[in-house]
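# A look at the structure
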Amino acid sequence: MQWTSRQPFVPPALLDRLDRVRLRRAALRYAAHGWDVTPGAYLAGRRFDCGRPGCTITGCHPALDSWAASATGDPVRIAAWWRRQAHTVLLPTGVGFDVLEVPASLGRRVTGLEPGGTGPVAGIAAGLGPVADTSAGRWMFLVSPGRALRPELEHRLDVIRHGLGSWIPAPPNRMLDGSIRWTVAPEQVQWRLPDADRVQELLVAAARPHSRPVIPRQVSTSRRAA
């Protein structure tokens, strides 16, 4: 038998179906735990396509004009959204939770993923909630909603708070540069959200030796929420 490193050919139609099933299951799982979801544009080659005529946005973005009002946890509507397209799963922020988006270097220090750390276990012990990371080098900390950024974080160009009117792409979405994944999965913390002040305190402490603002190479979500 001759061994080869080539991957088996999978028809594009089957890949699309697998993506739709995988993303639909994720959306339904989030909804079942009280997190509203809304469909995002689907990845088509090197751009995201929302299907809206004349849309010029090529990056990840909502598939619906009224995405905030349409966000829901209704499993029937969610199943219908993912019936024909592998929409990205977007989680609106500002109601159920806020998200603190930071550079990977800061995220690793907080969760204990620096050399000698104990990874997500350290993060959970420190009182963190769910944490996701992207291939673009951005980490997203889900926290209780409504708390503004502390002054030590507000001045940094590489720290973003997603509140009302914003959203994040959730695992297991694929972006142009790779997949989004959970570093600390919601199941590991029983879907509990940590106090935003506590997480900001940890971020500030971790950032002190590296207090100089850094402009991020790429921000995973396209706007800065107040």
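For the structure itself, consult the block above.
Quick summary incoming for the structure in this document. All values reported here derive from a predicted model rather than from experimental measurement.

### A closer look at the pairing of strand β4 (residues 98-103)
- Of all 6 residues in β4, 6 are buried, a share of seventy percent or more.
- With 6 bridges connecting them, β4 and strand β6 (residues 138-143) associate as antiparallel partners. In the sheet register, Val99 faces β6, and the bridge partner there is Leu142.

### Quick word on the sheet that holds strand β5 (residues 131-133)
- An order of β7-β4-β6-β5-β11 is seen for the 5 strands of this open sheet, with the pairing classed as antiparallel. Pairing within the sheet leaves two strands with one partner each, and these edge strands are β7 (160-162) and β11 (181-184). Direction aside, neighbouring strands of the sheet carry axes that sit 30 degrees apart on average.
- Relative to β7, β4 is paired through 3 bridges, and the arrangement is antiparallel. Considered in β7, the bridge of Leu100 is made with Arg161.

### Examining the side chain of Asp19
- In this fold, Asp19 is placed in helix α1 (residues 12-32).
- A relative accessible area of 16% means that Asp19 is categorised as buried.
- A polar contact is formed between the side chain of Asp19 and the side chain of Arg174, at a distance of 2.8 Å.

### As for the pairing of strand β3 (residues 87-92)
- The element β3 is extensively covered by neighbouring structure, given that 6 of its 6 residues are classed as buried.
- The pairing of β3 with strand β8 (residues 167-169) spans 3 bridges and is antiparallel. Residue Leu91 lies in a different strand from β8, and its bridge partner there is Ile168.

What counts and how
Residues numbered from 1 in each chain as written. Predicted model: local features only at pLDDT ≥ 70, side-chain atom pairs only at ≥ 80, totals over all residues. Heavy atoms only, no water. Buried < 20%, exposed > 50% of the residue type's maximum accessible area, 1.4 Å probe, protein only. Helix = DSSP H or I, 4+ residues; strand = E, 2+ residues; numbered from the N terminus. Pairing = 2+ DSSP bridges. Axes fitted to C-alpha atoms, helices over the stretch in contact; angles between N-to-C directions. Polar contact = N/O pair within 3.5 Å; in protein donor to acceptor, adjacent residues only side chain to side chain.

These figures come from the coordinates and say nothing about function on their own.
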